[in-house]
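Each chain is listed here by its residues.
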Amino acid sequence: MFRILKSIAEAENEAKRMVEKARALAEDMLQKSKEQSEKIYEETYWRTVSEEKERFKEEERRTLEAANYDARNILRKAEEQVKEIQAKAKQNLREAVEQASRESLQ
Amino acid sequence: MKSESTETNVQRIVDRILDDAQREATALVEQAQKSAETSLANESERARQKALNEIRSGSETNDDRIRAIRETVFAEARRKANWMVLSEKELAVNGVLNEVRENLCSLAHSKKYIRTLGRLIVDGGVALGGGKLEVALNEIDSRLPLDLGSMAEVVAEKTQTESELQISREYVKTSGGAIIRKAEGRILVDNTFEAILKRSEPHVILKIAKVLFG
C-alpha cells in the first residue's frame, strides 16, 4: 500500500514539475514577446514608411513616363502641323504675295 | 494474480496523472505561443496603421506633386508645340513679306511705276488737304518725267483747294514712292514703299496668314 501511494505521490510531483516547467516556459515566451514588441513596432513602422516612399517614387516615375509619352505625342502632332503649314505656304505663296502687294499699295 | 492487477491499476493512475500534466503543460506553452504571436502581430499592425495614417495625411501633398509633374511636362510640351507651329507660320509670313518688298522694288523699275508714283503723290496731297506741296523722291525718281501739273489739278479738284506741287531738292532714301509735305510747315505724308509697307503690315500680315493657311 505504501508503495502504491509513493508511486502516485511521485507521479503527482513529476506532473507538478512538468506543469511548473511549462508555466515557466510560457511566461518566458510572453516576456520575450513583450521585449520584442517594441522592436517589431519600430521595424514595421519604418519598413511601412520606406515601402510607401518607394511606392510613391514608383508612382512618380510612372507618371513622368506617361506624361513624357503624351508630351511626345503633342510634339509629333506639332511636327505634322508644321509640315502642313510648310505645304500650304508653298502652295499659296504666289497668291499671298500678289494679294499682299495689292493690299499694301491700296 | 491480485498483486499484478493492483500494479497495473496503479500504473494506469500514474500514467494518467503524467498524461494530464503533459497535456496541461502543452496547452500552457501553446497558449503562450499563440498569445505571443497575436501580441506581436497586433503590435506590427498597429505600427503599420500608424505609418499609413501619417503617410496618407501627407498624401494630398503627394497627389499635388504627381499633378505638378504631369502639368509641368504637358505645359512644356504645349509651349514647345505652339512655338514650333507659330515660328513656322511666322517664317512663312516673313517669306511673303520679303517677296512683297522685292515686288515693290521691282515695281520701281517697271513701266507701271510712274502711274503708281503719281497716285501715291496725289493720295498724299489729298491727305494733306492740298495747297502748296513739296514732293521728296529718291535720286533716280527725281529724274522721272512726272506730270506734276496734272497731279496738282487732281489734288485741287479733290480737296477744293488750289494746289501746287514741286519736287524737293532733298533726296529721300527709299526704293520707291514719295514723301509729300506742306511747303510751309512740318506736316507730311510718307508714301515711300517702306513706310507704306510698315503701315499696312498689321493688316497685310493677317491677309497673308489667311491666304497661306486658310
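Relevant structure appears above.
Residues numbered from 1 in each chain as written. Chains lettered and ligands numbered in written order. Predicted model: local features only at pLDDT ≥ 70, side-chain atom pairs only at ≥ 80, totals over all residues. Heavy atoms only, no water.

Caption draft 1: Highlighting the overall build of chain A. For chain A, the helix and strand inventory stands at one helix and zero strands. Counting across all 106 residues of chain A, residues that qualify as buried make up 32%. Within the structure as shown, chain A displays about 7900 Å² of accessible surface, and the carbon and sulfur contribution to it stands at 51%. (Helix = DSSP H or I, 4+ residues; strand = E, 2+ residues; numbered from the N terminus. Buried < 20%, exposed > 50% of the residue type's maximum accessible area, 1.4 Å probe, protein only. Areas by Shrake-Rupley, 256 points an atom, 1.4 Å probe, with all protein chains shown as cover.)

Caption draft 2: Examining the packing of helix 1 (residues 2-105) of chain A against helix 5 (residues 193-213) of chain B more closely. Running from N to C, helix 1 of chain A and helix 5 of chain B cross one another at 140 degrees; their axes reach a closest spacing of 8 Å. If you check the angle between helix 1 of chain A and helix 5 of chain B, you find them oblique. The handedness of the crossing between helix 1 of chain A and helix 5 of chain B is right-handed. Each of Ile-85, Lys-88, Ala-89, Asn-92, Leu-93, Glu-95, Ala-96, Gln-99, Ala-100, Glu-103, Ser-104 and Leu-105 of chain A in helix 1 of chain A lies in contact with helix 5 of chain B, whose residues at this interface are Phe-193, Ile-196, Leu-197, Ser-200, His-203, Val-204, Lys-207, Ile-208, Val-211, Leu-212 and Phe-213 of chain B. The residue makeup of the contact of helix 1 of chain A with helix 5 of chain B, split by class, is 14 nonpolar, five polar and four charged. (Axes fitted to C-alpha atoms, helices over the stretch in contact; angles between N-to-C directions. Parallel < 35°, antiparallel > 145°, perpendicular 65-115°, else oblique. Left-handed = near helix turned anticlockwise from the far one by under 90°. Contact = heavy atoms within 4.5 Å. Nonpolar A, V, L, I, M, F, W, Y, C, P; charged D, E, K, R; others polar.)

Caption draft 3: Fine view of the nonpolar core. Residues Val-96, Ile-121, Leu-165, Phe-193, Ile-208 and Leu-212 of chain B are the most contacted members of the largest nonpolar core, which totals 46 residues. Looking at this core, the elements with two or more residues in it are helix 1 of chain A together with helix 2 (59-107), helix 3 (113-127), strand 1 (132-137), helix 4 (148-159), strand 3 (177-182) and helix 5 of chain B. Ignoring anything within four residues of it in the chain, the contact list for Phe-193 of chain B reads Leu-105 of chain A together with Leu-104, Leu-107, Ala-108, Tyr-113, Leu-120, Thr-174, Ser-175, Gly-176 and Gly-177 of chain B. Membership of the second largest hydrophobic core comes to nine residues, among which are Ile-8 and Ala-15 of chain A together with Val-14 and Ala-21 of chain B. (Core = buried A, V, L, I, M, F, W, Y, C linked by side-chain atoms within 4.5 Å.)

Caption draft 4: How the structure looks around the side chain of Thr-159 of chain B. All names here are of chain B. For Thr-159, the location among the structural elements is in helix 4. In this structure the side chain of Thr-159 is engaged in a polar contact, spanning 2.7 Å, whose partner is the backbone oxygen of Val-155. Sequence-distant contacts of Thr-159, that is, excluding residues within four places in its chain, are made with Gly-125, Val-126, Gly-129 and Gly-130. (Polar contact = N/O pair within 3.5 Å; in protein donor to acceptor, adjacent residues only side chain to side chain.)

Caption draft 5: Focus on the sheet that holds strand 1 of chain B. Residues and elements named next belong to chain B. Spatially, four strands are ordered 2-1-3-4 in an open sheet, and the strand pairing comes out mixed. Two strands close off the open sheet at either side, each with one partner strand: strand 2 (164-171) and strand 4 (188-192). Going across the sheet, the axis of each strand differs from the next one's by a mean of 25 degrees, ignoring polarity. Of the pairings in the sheet, the one linking strand 1 to strand 2 comprises five bridges and is parallel in character. Looking across to strand 2, one finds that Leu-137 is bridged to Tyr-171. (Pairing = 2+ DSSP bridges.)

Caption draft 6: Seen up close, the pairing of strand 3 of chain B. Residue and element names in this part refer to chain B. Counting buried positions along strand 3 gives six out of six residues, so the element sits mostly inside the fold. Along strand 3, one buried face is formed by Gly-177, Ile-179 and Arg-181 and the opposite face, lined by Ala-178, Ile-180 and Lys-182, is buried too. Pairing between strand 1 and strand 3: four bridges, direction antiparallel. Its bridge partner lying in strand 3, Leu-133 is registered against Lys-182. With five bridges joining them, strand 3 and strand 4 adopt antiparallel strand pairing. Counterpart to Ile-179 in the pairing with strand 4 is Asp-190. As consecutive antiparallel partners, strand 3 and strand 4 are separated by five residues, and within that stretch Gly-185 has a phi angle of approximately 140 degrees, a positive value.

Caption draft 7: Region of interest: the packing of aromatic side chains. Per the stated rule, a full pass over the model turns up two aromatic pairs over all chains. Ring geometry for Tyr-45 of chain A against Trp-46 of chain A: centres 4.9 Å apart, planes inclined by 90 degrees, an arrangement best described as edge-to-face. Ring geometry for Tyr-113 of chain B versus Phe-193 of chain B: centroids 5.9 Å apart, planes at 75 degrees, classification edge-to-face. On the criterion of sequence distance, the pair formed by Tyr-113 of chain B in helix 3 and Phe-193 of chain B in helix 5 is long-range, its members being 80 residues apart. For Phe-193 of chain B, a relative accessible area of 2% gives the class buried. The residue whose ring lies beneath Lys-89 of chain B is Phe-213 of chain B, and the NZ or CZ to ring-centre distance is 5.4 Å. (Phe/Tyr/Trp six-rings, centres within 6.5 Å; stacked < 30°, edge-to-face > 60°. Lys NZ or Arg CZ within 6 Å of the ring centre and 35° of its normal.)

Caption draft 8: Expanded view of the interface of chain B and chain A. Taken together, the 64 residues of chain B in the interface contact 58 residues of chain A. Considering only the surface of chain B that becomes buried against chain A, Leu-40, Ile-66 and Val-211 of chain B emerge as the three largest contributors, covering 10% of it. Counting the contacts that link chain B with chain A gives three salt bridges. For Arg-23 of chain A, the salt bridge goes to Glu-24 of chain B, with nearest N and O atoms at 3.9 Å. When contributions to the side of chain B that touches chain A are tallied by element, the ones reaching two or more residues are helix 1 (2-57), helix 2, helix 3 and helix 5 of chain B. Sort the elements by how many residues they give to the side of chain B that touches chain A and helix 1 of chain B lands first, with 29 residues. For the side of chain B that touches chain A, the residue count by class is 37 nonpolar, 11 polar and 16 charged. (Buried area = accessible area lost by both parts, 1.4 Å probe. Salt bridge = Lys/Arg side-chain N within 4 Å of Asp/Glu carboxyl O.)

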